[in-house]
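Coordinates in review
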Amino acid sequence: MQGLAHLDLSAATDRESGRSRSAARGALCLLTALAVLGAGAASMRAPGTAVDPDLVRVIRFMALIKGGFALAAFAACVWRLARAAAPWRTAIYVAGPPLMAAGAIGLWSVQGVPIAATGLHLGLLAVLAAALTDSDFLPDLGRLGRGRR
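The structure contained in this document is the topic of the report that follows.

Quick notes on the rules
- Residues numbered from 1 in each chain as written.
- Predicted model: local features only at pLDDT ≥ 70, side-chain atom pairs only at ≥ 80, totals over all residues.
- Heavy atoms only, no water.
- Helix = DSSP H or I, 4+ residues; strand = E, 2+ residues; numbered from the N terminus.
- Buried < 20%, exposed > 50% of the residue type's maximum accessible area, 1.4 Å probe, protein only.
- Contact = heavy atoms within 4.5 Å.
- Areas by Shrake-Rupley, 256 points an atom, 1.4 Å probe, with all protein chains shown as cover.
- Expected span 1.5 Å × (residues − 1).
- 1 Å grid on protein atoms, 1.4 Å probe; cavity = no way out; pocket = protein on both sides within 12 Å on 5 of 7 lines; lining within 4 Å.
- Points joined across faces, edges and corners; volume = space filled by probe spheres on them.
- Nonpolar A, V, L, I, M, F, W, Y, C, P; charged D, E, K, R; others polar.
- Phe/Tyr/Trp six-rings, centres within 6.5 Å; stacked < 30°, edge-to-face > 60°.

**Some points on the overall build of the protein**
Tallying secondary structure elements over the protein gives five helices and zero strands in all. When the 149 residues of the protein are sorted by exposure, 28% land in the buried category. Across the protein, every contact between residues at least 6 apart in sequence was considered, and the portion connecting residues at least 24 apart equals 79%. A total of about 9700 Å² of accessible surface is found on the protein, and carbon and sulfur atoms cover 70% of it.

Encoded structure:
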């Protein structure tokens, strides 16, 4: 009988943690959509000062590369949030990619370049720091290889 009670408690805990994981993934998607829309709306106005066209091309190319990083971070964080993570890591996995996306769009529009670059790089560093210190982010490939032999 005690085994059955333990199973019910475990199932309830699994359902609750599953809801919190899906809520974190939903928050990540919502915040990213809001960041993209907000940065896109802010980028519609013309730059306040004249900027050299060659510099604009370089900044936009960098913004395109950083946008790819933001997309990769978004996909990795959605994937990682499918499993339970520490609360501080969950917060970083939810806030980092939207910050990176907004920064990339800000760089593309050449509006507030220092603020956009700061946001983009802070988001990137936060996600990298959380992922590299998260033992569950990448599987232990050595352990997986030993199991197949």
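**What to know about helix H2 (residues 53-80)**
With 28 residues, H2 ought to run about 40 Å at 1.5 Å a step, and its terminal C-alpha atoms sit 40 Å apart, in line with that. Those residues of H2 that sit buried are Val-56, Ile-59, Ala-63, Lys-66, Ala-70, Ala-73, Cys-77, Val-78 and Arg-80.

**Regarding the environment of Arg-89**
Tracing the chain through its elements places Arg-89 in helix H3 (residues 87-108). Judged by relative accessible area, which is 13%, Arg-89 ranks as buried. Sequence separation between Arg-89 and Ala-126 is 37 residues; the distance between their C-alpha atoms is 9.2 Å. Sequence-distant contacts of Arg-89, that is, excluding residues within four places in its chain, are made with Ala-130, Thr-133 and Asp-134.

**Thoughts on the layout of surface pockets**
Approximately 170 Å³ is the volume attributed to the largest pocket. As for the largest pocket, its lining consists of 13 residues, of which Gly-67, Ala-70, Ala-101, Ala-104 and Ile-105 are closest to the centre. Within the residue set of the lining of the largest pocket, elements represented by two or more residues are helix H1 (2-42), H2 and H3. Of the residues in the lining of the largest pocket, the class split is eleven nonpolar, two polar and no charged.

**Here's the deal with the side chain of Asp-134**
Within the element layout of this structure, Asp-134 appears in the loop between helix H4 (113-132) and helix H5 (141-148). Asp-134 sits in the buried class, given a relative accessible area of 7%. For Asp-134, the contacting residues outside a window of four places in its chain are Arg-80, Arg-89 and Tyr-93.

**Some details on the packing of aromatic side chains**
Taken as a whole and judged by the stated rule, the model has two aromatic pairs. Taking 5.9 Å as the distance between ring centres and 85 degrees as the angle between the ring planes, the aromatic pair formed by Trp-79 and Phe-137 counts as edge-to-face. Of this pair, Trp-79 sits in helix H2 while Phe-137 is found in the loop between H4 and H5, placing the two residues 58 residues apart along the sequence. Seen from their ring centres, Tyr-93 and Phe-137 are 6.0 Å apart, and the 35 degrees between their planes marks the pair as tilted. Note that Tyr-93 is positioned in helix H3 and Phe-137 in the loop between H4 and H5, a separation of 44 residues in sequence. Accessibility assignment for this pair places Tyr-93 and Phe-137 in one class, buried.

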